[in-house]
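Spelled out from the first residue to the last, the chains are:
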Amino acid sequence: MTANEFYARIERFAPMKYSEEFCSRYGAYDNSGLLINCKNNVQAAAFSLDLSEEAVEFAVQNGAGAIVTHHPAIYAKLSSLCPGEGEGGAVLAAARAGISVISMHLNLDAAEGGIDERLACGVRKAAIAAARAESAESAEGAEGGAVENGAETGVRAARGEEKMYAFSCGDGGYGRAYDVAECSAQRLKEEFDKEFGAKHTLLFAKDGRKIKRVCSFCGAGADEEALAFAVKNGADLIVSSDIKHHILKEILSRGMAALCPTHYAAEAYGFNEFYKKIAGAAEVPCIYFGNDSLL
């Protein structure tokens, strides 16, 4: 199939309408879509959270005619194209290799089953595991079992969830507040790292801080508006990446905690789920390129 046909096939899983509404309604900026169109035949596709020269080489080695990224291959003005020089070097490498590049950014953040939703799901799973571990360490084993069952029901039903941004084009969203199985912030961090394969997560919390309600924002979403949303929704913990100092200071001054995985770890989790979904429906072989050094 052509690059255009492949894009049309996968876009329905993260419709561009989400990106368009994210920008028009909520004032965001995006550049998603078929960003490098070599008008080639796509007999296989590679998935990579970011476009890099390493990802292009991986695609070449595996005969992929397209690379699907989350972060836009071209986000702002490219002032130069030179091998070995960041974004421009990766774009040049893809074009030279005749590989088309599709980027699904804010639309995949916000879509149903998208990256923001999957982040929240992973946090809930981590909280259940943390509550179980703490219950096992407690003399009150029977009470611990009741916590587990209630927490699992909460994951399935997503009870009490509020969305910071809702969309008229579908049931997706961005920024979520939700209850989790009660556990300590430290144990939640440990289980989060296991669930997400994260290696460089930062936790800012007072010793013994208990967590019952979380607000999470995929990517670098913890800005002033997100903080106000978290306060309004009674969050004990904010989960997001790249939190600026003044926001982090405000979080702690309000008695909340902050869990800060790397940007890559927070989003590769959901992007990998998206890849698995597409791999079963794309009608061409799909392969995944990961960068563990960024976890």
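A few points on the structure. (Residues numbered from 1 in each chain as written. Predicted model: local features only at pLDDT ≥ 70, side-chain atom pairs only at ≥ 80, totals over all residues. Heavy atoms only, no water.)

Turning our attention to the environment of Thr69. With respect to the helices and strands, Thr69 occurs in strand β3 (residues 66–69). Distance from Thr69 to Leu51, taken between C-alpha atoms, is 6.3 Å for residues 18 residues apart in sequence. There is a polar contact of 2.8 Å between the side chain of Thr69 and the side chain of Ser103. (Helix = DSSP H or I, 4+ residues; strand = E, 2+ residues; numbered from the N terminus. Polar contact = N/O pair within 3.5 Å; in protein donor to acceptor, adjacent residues only side chain to side chain.)

With mixed pairing, the six strands of this open sheet are ordered in space as β5-β6-β8-β9-β10-β7. The open sheet is flanked by β5 (162–166) and β7 (202–204), the only strands paired with a single partner. Recorded for the sheet is a direction-independent mean angle of 20° between the axes of neighbouring strands. Pairing between β5 and strand β6 (residues 173–184): four bridges, direction antiparallel. (Pairing = 2+ DSSP bridges. Axes fitted to C-alpha atoms, helices over the stretch in contact; angles between N-to-C directions.)

Attention now goes to the sheet that holds strand β2 (residues 45–48). By definition, the strands of a sheet pair up through backbone hydrogen bonds, in either a parallel or an antiparallel sense. If you walk across this open sheet you meet the five strands as β1-β4-β3-β2-β11, and the pairing is mixed. Both edges of this open sheet fall to β1 (33–36) and β11 (286–289), since each of them pairs with a single strand only. Neighbouring strand axes in the sheet, compared pairwise and without regard to direction, differ in orientation by 30° on average. Of the strand pairs in this sheet, β2 and β3 are connected by four bridges, and their pairing is parallel. Directly across from Ala45, in β3, lies its bridge partner Ala66. Here helix α3 (residues 53–61) sits on the sheet in contact with β2, β3 and β11, set at roughly 150° to β11. Sheet strands in contact with helix α11 (residues 263–279) are β2, β3 and β11, and its direction is about 170° off that of β11. (Contact = heavy atoms within 4.5 Å.)

Turning to α11, a few remarks are in order. Along an α-helix, residues three or four positions apart point the same way, because every turn accommodates 3.6 residues. The terminal C-alpha atoms of α11, which comprises 17 residues, lie 24 Å apart, in line with the 24 Å expected from a rise of 1.5 Å per residue. Of all the bends in α11, the greatest measures close to 30° and is centred on Tyr269. For α11, the tally of buried residues reaches twelve of 17 residues, placing the bulk of the element in the interior. Within α11 the residues assigned to the buried category are Tyr264, Ala265, Ala266, Glu267, Ala268, Tyr269, Gly270, Phe271, Asn272, Phe274, Tyr275 and Ile278. (Expected span 1.5 Å × (residues − 1). Bend = angle between axes of the 7 residues up to and from the residue. Buried < 20%, exposed > 50% of the residue type's maximum accessible area, 1.4 Å probe, protein only.)

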